[in-house]
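The chain contents come next:
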Amino acid sequence: MISITEIQKVFKGRITLNEPLARYTTFRIGGDADYFVEPVDAEDTLNIVKYVNRQSIPYYVMGNGSNILISDEGIRGIVINLDTSCNYLKHEGDNIIAGAGVKMARFVDFCIQKSYAGVEMLAGIPASIGGALVMNAGCYGGEASDYVKEVKVIKEETVLSLKKEECGFRYRNSDLKGTVVLEGKFSLPSGNKEELMARRKELILQRNEAQPVELPNAGCIFKNPKDNKAAILIQECGLKGKIFGGAMVSDKHANFIVNRGNATANDVTELIKIIKNTVHEKTGINLEMEVKLVGFKGAAI
């Protein structure tokens, strides 16, 4: 049992017990966290990470809650939320510094207002900077890592500034897993503010037309296989609109599963199994998950 009294000796932020996590995810699905902590700054974040490491307590860092599916049983141990401690944007010289808790849309708007280009296509990604960097989120030909210069992280019990080449960025992945991302430093090319705003608006409208933004979802469920599109494979297998419990394969974009209002994590995982098995049987292709499963026990899907 974790001692709240002991944590409070080293931690200044807020601690809540049995916190429902569905409200923190874009899927609106998930059980409770044993302990939910909100550090007040980077030092507070470092202190809580040191504490859980030394006590061998499992922990999970939650960003904007997109691109994840939390189990119906929730998450054991401590969930660390960085919305308060890492929610800042700075313009220093030719660089933009964004805290891990900053939402992507806010980051993009900040860059555009400073007449910096290169990230306008990312505005529609419902992620925080920290989560976007860890997953190297992307869309419309751009990725979160494109203009990264450095990433500040907690690794084990030390704060480090990693150069871009040390982060191992690749398609929807990076070597930042296992660290706690605190901030990213970006070096962006200059652009015309009005043109960037127009392009951002155009891409948001395009996204809203193509994706089921009206229903809770976690983004694309599967990575695109080489030389293929997961959505096209799923659609061609006749799975658009497929329902299991409260979960449904979107009839707007087949690589999205939507929560119709009462979906459980089990509904989603069962639907994922149906999709994977059907696509493999009909095409021979094994779809690889893009959405991460959190808090699940046993074998992976």
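The present account deals with the structure reproduced in this document. (Residues numbered from 1 in each chain as written. Predicted model: local features only at pLDDT ≥ 70, side-chain atom pairs only at ≥ 80, totals over all residues. Heavy atoms only, no water.)

### Section: the side chain of Asn 217
Next, step 1: With respect to the element layout, Asn 217 can be found in the loop between helix H5 (193-210) and helix H6 (230-236).
Next, step 2: We classify Asn 217 as buried; its relative accessible area is 13%.
Next, step 3: A distance of 2.9 Å separates the side chain of Asn 217 from the backbone nitrogen of Gly 219, its partner in a polar contact.
Next, step 4: In contact with Asn 217, other than residues within four places in its own chain, are Thr 26, Phe 27, Pro 212, Phe 256, Ile 257 and Val 258. (Helix = DSSP H or I, 4+ residues; strand = E, 2+ residues; numbered from the N terminus. Buried < 20%, exposed > 50% of the residue type's maximum accessible area, 1.4 Å probe, protein only. Polar contact = N/O pair within 3.5 Å; in protein donor to acceptor, adjacent residues only side chain to side chain. Contact = heavy atoms within 4.5 Å.)

### Description of unusual backbone geometry
Next, step 1: The backbone of Glu 156 sits at a positive phi, close to 60°, despite the residue not being glycine.
Next, step 2: Within the element layout of this structure, Glu 156 appears in the loop between strand E10 (148-155) and strand E11 (158-163).
Next, step 3: Phi is positive for Asp 227, close to 65°, though the residue is something other than glycine.
Next, step 4: Along the polypeptide, Asp 227 turns up in the loop between H5 and H6.
Next, step 5: By relative accessible area, which is 72% here, Asp 227 ends up exposed.

### Brief notes about the packing of aromatic side chains
Next, step 1: Under the defined criterion, the tally for this structure stands at 2 aromatic pairs.
Next, step 2: Centroid distance Phe 107 to Phe 186: 4.7 Å. Interplanar angle 45°. Geometry classified as tilted. Of this pair, Phe 107 sits in helix H3 (residues 104-113) while Phe 186 is found in strand E12 (residues 180-187), placing the two residues 79 residues apart along the sequence.
Next, step 3: Note on Phe 107: relative accessible area 1%, which makes it buried.
Next, step 4: Between the NZ or CZ atom of Lys 90 and the centre of the ring of Tyr 88, over which it lies, the distance is 5.0 Å. (Phe/Tyr/Trp six-rings, centres within 6.5 Å; stacked < 30°, edge-to-face > 60°. Lys NZ or Arg CZ within 6 Å of the ring centre and 35° of its normal.)

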